[in-house]
Amino acid sequence: MLELSGKYNKEYTYDDLMQLEEGTLCELINGIIEMSPAPLIIHQIILKNLSKKIDDRIQESNKGLLLPAPVDLIIDEKNVVQPDLLFISLENIPKIRDKYIDFPPDIVIEIISPSSVVRDRYGKKELYQKMKIQEYWMLDIIHESIEILRLDNAGHYQLSSYGAKNEIVKSQILEKFEFCFDDVKPDAELFNKLK
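Scope of this entry: the structure provided in the associated data block. Within each chain, residue numbers correspond to sequence positions counted from 1 in written order. For this predicted model, a pLDDT threshold of at least 70 governs which residues receive local features, and a threshold of 80 or more governs which side-chain atom pairs are given and counted, while totals over whole chains, interfaces and linings are taken from all residues. Processing note: side-chain calculations cover all non-hydrogen atoms of the structure and skip hydrogens and water entirely.

## Observations regarding the pairing of strand S4 (residues 72-76)
Both faces of the sheet carry side chains from a regular strand, because those side chains alternate between them. Per-residue accessibility, obtained with a 1.4 Å probe over protein chains only, is compared with the maximum for each type, and a residue is labelled buried under 20%, exposed over 50%, and partly exposed between these values. Starting at the N terminus, helices and strands are each numbered in turn, a helix being any DSSP run of H or I of at least four residues and a strand any DSSP run of E of at least two. Counted residue by residue, S4 has four buried out of five residues, so it is predominantly covered. Any two strands with at least two DSSP bridges between them are considered paired. As defined by bridge partners, S4 adjoins strand S7 (residues 100-101) across two bridges and the pair is classed as parallel. Residue pairing in the sheet places Leu73 in a bridge with Ile101 of S7. Relative to strand S5 (residues 79-81), S4 runs antiparallel, the two being bridged by three bridges. Within S5, the residue paired with Leu73 across the bridge is Val81. Linking S4 to S5, which pair antiparallel, is a turn of two residues.

## Observations regarding helix H2 (residues 41-61)
The span one expects for a helix is its residue count, reduced by one, times 1.5 Å. Counted at 1.5 Å a residue, the expected span for H2 with its 21 residues is 30 Å, and the 31 Å between its end C-alpha atoms agrees. Among the residues of H2, those classed as buried are Ile42, His43, Ile45, Ile46, Leu47, Leu50, Ser51, Ile54, Arg57 and Ile58. Just downstream of H2 lies Asn62, where phi reads positive at about 50 degrees.

## Focus: unusual backbone geometry
With an omega of 0 degrees, the peptide bond between Ala69 and Pro70 qualifies as cis. With respect to the helices and strands, the residue Pro70 is situated in the loop between strand S3 (64-68) and S4. The phi dihedral of Asn30 is positive, around 50 degrees, even though this residue is not glycine. Here Asn30 is to be found in the loop between strand S1 (26-29) and strand S2 (32-35). Non-glycine residue Lys165 carries a positive phi angle of around 55 degrees. Structurally, Lys165 can be placed in the loop between strand S11 (157-164) and strand S12 (169-170).

Shown next as C-alpha cells:
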C-alpha cells in the first residue's frame, strides 16, 4: 500500500496510484500526485442535474454512455485524471476496460470550483487537448457560465459555444443537445447560499 505524507520527492506513475487505498481522491499530473478534498455541495448538485439532463438525451438517441467521476482517464504513464463526467460514443464503448479509460472519450466535462480554476482551465485543458478529446466542457460556478471547446484541424481547442446564466450552449457531438447554466444549477436561494 502506497502511503502519501509530506513532500513527494519522486515522480509517480499509474502503477503507484494503483497502490493507493480505493476511493482516494487524487489525480496524477506530470508525475505529481494531487490530492483533492471532497467536492463542494454546489458542485455535486450541478453534477447530478447535468448528468440527468445528458443521460435523458442519450437514452432518447441511444448514442453512448455517460460516466461520472471517479473514473481514471489515463492520458499517459504520468498523467491520470478523473473528469467530472465522460461521454463515450456507442462505437467507442467496446474499448472500455474494467478499471480505467485509456482512449480519448468523445467529451470530457469539468465543473470548475474556486479551488480548481487553474487545474481545470489550464493543466487539464492541456492534457485533454494532448489526448485529442473532441469536446471539453467547462461549467464555471463562480461566473455561472459554460464553455464548450472543440478541437480544430490543427489539434488545438477553440471556443465552440459559450453561454452565461440563461444563454444556451450547443454541443456538436451530442446532436440536438442544448442547455444553459440556469438549467443545471439549484434554485436561486440555495445557489446563493452555497456559491
